[in-house]
Amino acid sequence: MMFCRAGHISGWVAAATVAVAGIFLPADVDAGMGYAVVPTTIIYPGDTLSASQLQEVEVTNPNLAGDYAKSLSQVEGMVSKRTLLPGRTISVSALRDAYTVTRGSSIRLVFSLGAMTISAAGTPLEDGATGQVVRARNMDSGVIVSGTVLADGTVHVRAK
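Residues numbered from 1 in each chain as written. Predicted model: local features only at pLDDT ≥ 70, side-chain atom pairs only at ≥ 80, totals over all residues. Heavy atoms only, no water.

Student: What is the right way to look at the sheet that holds strand β7 (residues 133–138) in this model?
Tutor: Pairing is mixed in the closed barrel, where five strands are placed in the order β5-β6-β7-β8-β9. The average angle at which neighbouring strand axes cross in this sheet is 50 degrees, direction not considered. (Pairing = 2+ DSSP bridges. Helix = DSSP H or I, 4+ residues; strand = E, 2+ residues; numbered from the N terminus. Axes fitted to C-alpha atoms, helices over the stretch in contact; angles between N-to-C directions.)

Dropping the structure here:
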């Protein structure tokens with residue numbers, strides 16, 4: 001004679017119920033998993049994504065990982081870090097924000113301390129998006145400083 005614990009049996013019953021429900025429930029109950037953004041053309045690294053290159057499609061694969069872009073507004077204007085193929089979901093990690101300042105361009109360096117503000121011409125030594133810290137060279141003195149990129153393209157220099 002074989003004995004079984006009651007808790008063990010209830011676990012098997014629950015698992016069997018879930019399996020049977022998955023087989024016999026109508027397909028429209030499973031629908032509504034959301035949307036994903038896919039390219040309509042090949043997008044190469046460094047290209048800026050526009051709405052004309054993208055479309056939203058309904059997700060039908062329940063095994064799809066959650067890192068994909070779900071709406072056009074989430075990815076429009078971003079820059080691709082790698083090649084994106086038509087019909088494939090776009091991983092959010094494959095995108096980056098567009099650079100506000102680019103290496104070698106002419107920018108304005110701003111330093112503020114209390115009521116005092118000093119402004120100088122400079123050139124960034126690296127590309128940077130809004131909010132990133134970049135190194136830049138003061139064009140007048142040649143000194144290299146670090147600062148935060150602002151949305152208008154200026155670099156707010158930090159005090160040492």
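Here the narrative resumes, following the displayed structure.
Student: Looking at this model, I keep getting lost on the pairing of β7. Mind explaining?
Tutor: Residues in a regular strand project their side chains so that they alternate between the two faces of the sheet. Residues Val-134, Ala-136 and Asn-138 of β7 are buried on one face, while the alternating residues Val-133, Arg-135 and Arg-137, pointing to the opposite face, are not. Of the strand pairs in this sheet, strand β6 (residues 116–124) and β7 are connected by three bridges, and their pairing is antiparallel. Of the residues in β7, the one forming a bridge with Thr-123 is Arg-137. Where β7 meets strand β8 (residues 144–149), five bridges bridge the pair, whose relative direction is antiparallel. For Ala-136, the partnering residue across the bridge sits in β8 and is Val-145. (Buried < 20%, exposed > 50% of the residue type's maximum accessible area, 1.4 Å probe, protein only.)

Student: What am I meant to see in the pattern of salt bridges here?
Tutor: Proximity of charged atoms lets side chains of opposite charge pair with each other. Scanning all chains against the criterion turns up one salt bridge. Note that Arg-135 and Glu-126 form a salt bridge whose closest N and O atoms lie 4.0 Å from each other. For Arg-135, a relative accessible area of 39% puts it in the partly exposed group. (Salt bridge = Lys/Arg side-chain N within 4 Å of Asp/Glu carboxyl O.)

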